[in-house]
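Spelled out from the first residue to the last, the chains are:
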Amino acid sequence: MMNNSIPDISGDDYLKVLVCSANVGNAEPTPTSFAAWVPYDGEINGPLTNTPYPVGQDEINLSVGPYAAANNCNDNSQEGIVQSLATTNEKQKFDIIVLGMQEAAFVNKQKKDKELLDTSIDSISNNVGGDDTNTSSSNNNNNNIASSPPKSKGFKNPLKKGAKKAAKAGMVMRGISANQTYKRDTASMRNITGALTVDVLGYDNNKLNNLIKTTLPSYEMVTSSLRGEMRLFVLAHSTLAEDISEVYVGAENTGIGSIMANKGGIIVTFVLRDMTRFSFMTCHLEAHEGMTHYTNRNKNLAEILGGAKTDPVYNMQDATITSHHMFLCGDLNYRIKFSEYEAKKKKSSRVKTALKMSFKGPAGLKMSMNKGSQGLMKRSVSMESEKDEEEAVEEEVVANKNAVGGEGDSPNKMGGGDEEEAATGEGGEKKDEPANGSHFDQAKALVEAEDWKALNGGDELAVALKQKECLVGFSTLPCHWPPTFKVARGEGYQYNEKRTPSYTDRILWKSAEGMTNNVIPFLYEPCPDFITSDHKPIRGGFAVKLNKCRPPHNQNLSDSVIKQDGKDHPVEQQIQILVSDMKCTNLPIMDNELIGGLSDPYVKFVSSPKELLYSKAWPSSSIITKSLNPVWNENYHLTMDGNGMENGLAEGAMFMLTVVDYDATSGDDVIGTVALNLNELVSELDLSGAGSSDEVQETHISRPILRNGQEYGMLECKLKTAFLAPKEVKSFLSGAKHVKTATKTSWKSKMQAFTGLAIN
């Protein structure tokens, strides 16, 4: 019998979600590899009973993010949940399955030599070798790309190189010129152009779709999206598919020039049973080791969240704000760093910086340099000094190969280090960076010792989350298993010595305020039997408690009436909100320095569902000009329309305060949002209509202002809520001074605030 303190997640109150992430490595997965990653027909019991890495209370306690703080005293309830799912009489299946893929573009190996650039290769072959014999041989043998010149040691066929470039170009073109997005009950649109034929480009799509269809026969495709080399598939069990609505898809490229789709992300949002909004994101972030790349990965995440807007109703907020639950997966490329190695690199970086700063103009004044003058400076400084310093640092690192210890070897925060210089290879791609010496040996020794805690101590992503440098509010479990990157293509874990073994493939999640405990992770593991990639895929299982409604209130209890069509109609009680003592601190500079270099903030009051507050526009506060620490002296009164509560107040209802910077000459810019759980703001009120008009709830708010997973200052205010009929509102507001009914901010009020002049 299951402990009463452990929720039964096998019923309909909980949604079982499987999130799978794989960097496919631009190679066709074998059916066996795919089956090792995605359980047949979404079965839960098999992965749970066979996993060598169960999710227990230790994993919960060591997780990063809000979930750890909320669940560190649950008496090993995770083990109880796992046991209940594994031993239930009914065969449990996941309700939603999400497949996020990166580098998921490949061609038919048997056809590519023939299909790729057939005509151009003939023309190239006429110029290789330089005689009629080779040309004739090329024309008479269709199975060969061309007759190659006699091979010497180290010879590279330029035709093979050209074919690879063409294939790569064709894959990337899919992220520039056309994308493929399929939604359930809509026609799949396909318009692909590029260096390859439609038949060749469609090969990987057909293969992956067939693998999914064969592996998950009981599931329907909610949506599938292709963006260059990235893919996101969302599937629902056939018994649940009809309950899904409001499906939106957004994507953003963060590759070269923010145009190339080799890097970036895709987000899918949908609503389940009209109550719970889910978002799923897959992404592929900037690669390589070094502080610059680490910083760029954090920026990539913000760019994707800001660019891949999925809900037209809430275009001021990103998916991390509007979703009740958001899951993020992908090849995030965060690496493992150890303090000793980073200290050496930091020392090297300081020497480089000192050498650069030694280039000064007349009278010791530092000169302003553009890229050209920087290049001239680099050539004029003694490059031997930099080289000698680099070699000395590397020799010192290698010479100090110490026995790996326990927790003491793990850094508490990121070390420094300049951007790692990587050689340029064919097609402008970066070759493998130099071997990491003792850094690789240290990580490998920890893997062999199965010291997962020490490895996770050096995890860049954990550091970024703790320091709130990205994905604020997200949680992730520790990876208590071998690093998934970079491995040889085959079974098990054979690591490439030119890369530090790292947990680049990850799954995270974030829940709206008041719903942190509604997500229960019960599976998190790698898939070592996936043999066709240089990454090992991962998968995570989650139980998510679905939102319900508080019972609808009686609309006829009030004796207030309104005149409509010449008749009296009873008026229902409505939620009244009084916002007072509102202020923001440490807002970012939004205006150009030429006009003061400050901000002109105001606050928009936003609701979900939309009907509660929206009427042609969102109500808003007055504008405070030229301030990064604005204080509003007015109190703002809001009335929530009862039409948004016809079926009761949903547990997922939200009240949002979005801080906006006013611009007189262009569109206003969103600074960020504080999203509150509306049910928590009225938890002490009787919404049945039978309560007393004296019932008032007060809540003090102090929250970070969030946008795209990053903090942009703080917002504080006091909220006073009541559930009243119109005739009772006057008494509710009687004690407040300078009360304004929050309405849409008109252009006149905006210009008046900006110019300080009265506008009639």
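The paragraphs below set out a description of the structure included in this document. (Residues numbered from 1 in each chain as written. Predicted model: local features only at pLDDT ≥ 70, side-chain atom pairs only at ≥ 80, totals over all residues. Heavy atoms only, no water.)

1. Observations regarding the pairing of strand β19 (residues 654–661)
The buried fraction of β19 is high, at 8 of 8 residues. Residues Met654, Met656, Thr658 and Val660 line one face of β19 and the alternating positions Phe655, Leu657, Val659 and Asp661 line the opposite face, and both faces are buried. The pairing of strand β16 (residues 601–608) with β19 spans 8 bridges and is classified as antiparallel. The residue bridging Ser608 from the neighbouring strand is Met654, located in β19. Pairing analysis gives 8 bridges linking β19 to strand β20 (residues 669–677), with the strands arranged antiparallel. If you follow Asp661 over to β20, its bridge partner there is Asp669. (Buried < 20%, exposed > 50% of the residue type's maximum accessible area, 1.4 Å probe, protein only. Helix = DSSP H or I, 4+ residues; strand = E, 2+ residues; numbered from the N terminus. Pairing = 2+ DSSP bridges.)

2. Section: unusual backbone geometry
With an omega of -5°, the peptide bond between Phe485 and Lys486 qualifies as cis. Here Lys486 shows up in the loop between α18 (460–466) and β10 (505–511). Following Ser608, the chain continues to Pro609 via a peptide bond in cis, the omega torsion being 10°. With respect to the helices and strands, Pro609 occurs in the loop between β16 and β17 (631–632). Even without being a glycine, Asn26 presents a positive backbone phi close to 50°. You can see Asn26 is positioned in the loop between β1 (14–23) and α1 (31–37). Backbone geometry at Arg273 places phi at a positive 55°, although glycine is not the residue there. The topology assignment puts Arg273 in the loop between β7 (264–272) and β8 (276–284). Owing to a relative accessible area of 37%, Arg273 belongs among the partly exposed residues under this scheme.

3. Points about the environment of Ser608
Here Ser608 is to be found in strand β16. Separated by 46 residues in the primary sequence, Ser608 and Met654 have C-alpha atoms spaced 5.0 Å apart. Aside from chain neighbours lying at most four places away, what touches Ser608 is Arg277, Tyr314, Gly652, Ala653, Met654 and Met656. (Contact = heavy atoms within 4.5 Å.)

4. Overview of the sheet that holds strand β9 (residues 325–331)
If you walk across this open sheet you meet the 5 strands as β6-β7-β8-β9-β10, and the pairing is mixed. Where the open sheet ends on each side, the last strands, each with one partner, are β6 (244–253) and β10. Neighbour-to-neighbour, the strand axes of the sheet open up by a mean angle of 15°, direction not taken into account. Note: β8 against β9, 7 bridges, orientation parallel. Within the sheet, the bridge partner assigned to Phe280 lies in β9 and is Phe327. Each of β6, β7, β8 and β9 touches helix α11 (residues 291–307); the most contacted strand, β8, lies at about 135° to it. (Axes fitted to C-alpha atoms, helices over the stretch in contact; angles between N-to-C directions.)

5. Here's the deal with the side chain of Thr310
The topology assignment puts Thr310 in the loop between α11 and α12 (319–322). Ignoring sequence-local partners within four residues, the contact set of Thr310 consists of Tyr248, Val249, Gly250, Ile267, Thr269 and Ala319.

6. Let's talk about α11
For α11, spanning 17 residues, the distance from its first C-alpha to its last is 24 Å, which sits close to the expected 24 Å at 1.5 Å a residue. Burial in α11 covers these residues: His293, Tyr294, Asn296, Arg297, Asn298, Asn300, Leu301, Ala302, Ile304 and Leu305. (Expected span 1.5 Å × (residues − 1).)

7. Examining empty space enclosed by the protein
Enumeration according to the criterion identifies 3 cavities of 30 Å³ or more in this entry. Empty space within the second largest cavity amounts to approximately 50 Å³. As for the second largest cavity, its lining consists of Ala308, Lys309, Thr310, Asp311, Tyr314, Gln317, Asp318, Ala319 and Thr322. For the lining of the second largest cavity, the residue count by class is 3 nonpolar, 3 polar and 3 charged. (1 Å grid on protein atoms, 1.4 Å probe; cavity = no way out; pocket = protein on both sides within 12 Å on 5 of 7 lines; lining within 4 Å. Points joined across faces, edges and corners; volume = space filled by probe spheres on them. Nonpolar A, V, L, I, M, F, W, Y, C, P; charged D, E, K, R; others polar.)

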